[in-house]
Amino acid sequence: MGKIWLPFASYNLWSLFAPAVGQERWHCDMKRGYAKVRKRESDIAAILAEDTVPQAIGLFAQQGVYEFHADPQRLKDRDGVAQVSQILKLDQESDEVRDRLSRILTLYYENPVLLKKRIFSLSRGDEGFPEPIKLYLGNTAFNLFAAIDCILLEPDGTLHILDLKTGHSDFDERQAFVYLLAASYLFPRQRAIASFYNLELCKWSEPVTATASQLNAIRIELARLAQRHEMEKKQYRRNPAEFDRIFPPNPGFQCQHCPFNRVCQFAAQEISA
């Protein structure tokens, strides 16, 4: 018997519904429509299959940290950065990706912040979707997806969920709360905290903790988003001509950085104005 399909929620879906603090002007509901509802259309699927430069750098950086710890001797070898660069085949990437990754790998080689930590799990970043966690709200259920980069085991037994970052965006605390909610189901008997580490800025965030009532509030919000997402999909399938009403566009300068600008009629009008 196959798995029963359920609505889903994730931090990514949450961020597409509501921008992080300070990112409001970049928000566009139509972007969510393309990414989540029209993703199987050939031209949209082709766009989604392409990694943007920030996405490529984030993925390679995660893979680089993984490769250093898969063989810690690389953190001692004088050519350790070159070894990892070769594994990642960075010579086949653009100058921008290669240059930024070389700096990220060098910074990590010089200051391997996980080296003396007890690593419980470390993802390479390309394992695909994690197993969903089935959550309930009343009589309805939904799947929670939480792709966790790394879990550390603190000396007192606390699980420390770590998300590795690149770029210059501020940390979004909502992501930490989603991870803590996932941990409360995956490891119900263990205390958990979450934090972020930016590999380009060599910057740790403050640890994030959550009470039971806070986690319940996050669960309720994610359940609401999962149901709303399903409702939007059904609305679009019933009447595809109402795409721009269901997912209102927010045209402007930000369209130049949107991966869907080549297919979005609203972005094209704004950029050419």
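Here, the structure is the one placed above.
Here is a short report on the structure shown in this document.

Calculation notes
- Residues numbered from 1 in each chain as written.
- Predicted model: local features only at pLDDT ≥ 70, side-chain atom pairs only at ≥ 80, totals over all residues.
- Heavy atoms only, no water.
- Salt bridge = Lys/Arg side-chain N within 4 Å of Asp/Glu carboxyl O.
- Helix = DSSP H or I, 4+ residues; strand = E, 2+ residues; numbered from the N terminus.
- Axes fitted to C-alpha atoms, helices over the stretch in contact; angles between N-to-C directions.
- Left-handed = near helix turned anticlockwise from the far one by under 90°.
- Contact = heavy atoms within 4.5 Å.
- Nonpolar A, V, L, I, M, F, W, Y, C, P; charged D, E, K, R; others polar.
- Parallel < 35°, antiparallel > 145°, perpendicular 65-115°, else oblique.

**Details of the pattern of salt bridges**
Pairs may arise between side chains of opposite charge once their charged atoms sit close together.
Then comes step 1: Within the structure shown, the criterion is met by 15 salt bridges.
Then comes step 2: Taking the shortest distance from any N to any O, the salt bridge between Arg 100 and Glu 200 comes out at 2.7 Å. Remark: Glu 200 occurs in the loop between β7 (192-198) and β8 (203-204) and Arg 100 occurs in helix α6 (residues 95-110); sequence separation between them is 100 residues.
Then comes step 3: Put simply, Asp 29, Arg 32, Arg 228 and Glu 232 are held in one network by salt bridges that share partners.

**Describing the environment of Gly 22**
Then comes step 1: Assignment of secondary structure puts Gly 22 in the loop between α1 (11-17) and α2 (29-37).
Then comes step 2: Here the alpha-carbon distance between Gly 22 and Ser 169, two residues 147 residues apart in the chain, equals 9.6 Å.

**A short note on the packing of helix α4 (residues 53-70) against α6**
Then comes step 1: Viewed as axis vectors pointing N to C, α4 and α6 meet at an angle of 35 degrees, and their least axial separation amounts to 10 Å. The handedness of the crossing between α4 and α6 is right-handed. Contact residues: Val 53, Ala 56, Ile 57, Phe 60, Ala 61, Gly 64, Val 65, Phe 68 and His 69 in α4; Glu 96, Val 97, Arg 100, Leu 101, Ile 104, Leu 105, Tyr 108 and Tyr 109 in α6.
Then comes step 2: The residue inventory of the contact of α4 with α6, partitioned by class, reads 13 nonpolar, two polar and two charged.

**Looking at the packing of α4 against helix α5 (residues 80-88)**
Then comes step 1: Running from N to C, α4 and α5 point in directions that differ by 125 degrees, and their axes come no closer than 10 Å. Of the possible angle classes, the one that applies to α4 and α5 is oblique. Regarding α4 and α5, the two cross each other, and that crossing is right-handed. Packed against α4, whose contacting residues are Phe 60, Gln 63, Gly 64, Glu 67 and Phe 68, the element α5 presents Gly 80, Val 81, Val 84, Ile 87 and Leu 88 at the interface.

The values reported here are purely geometric and, on their own, carry no functional implication.
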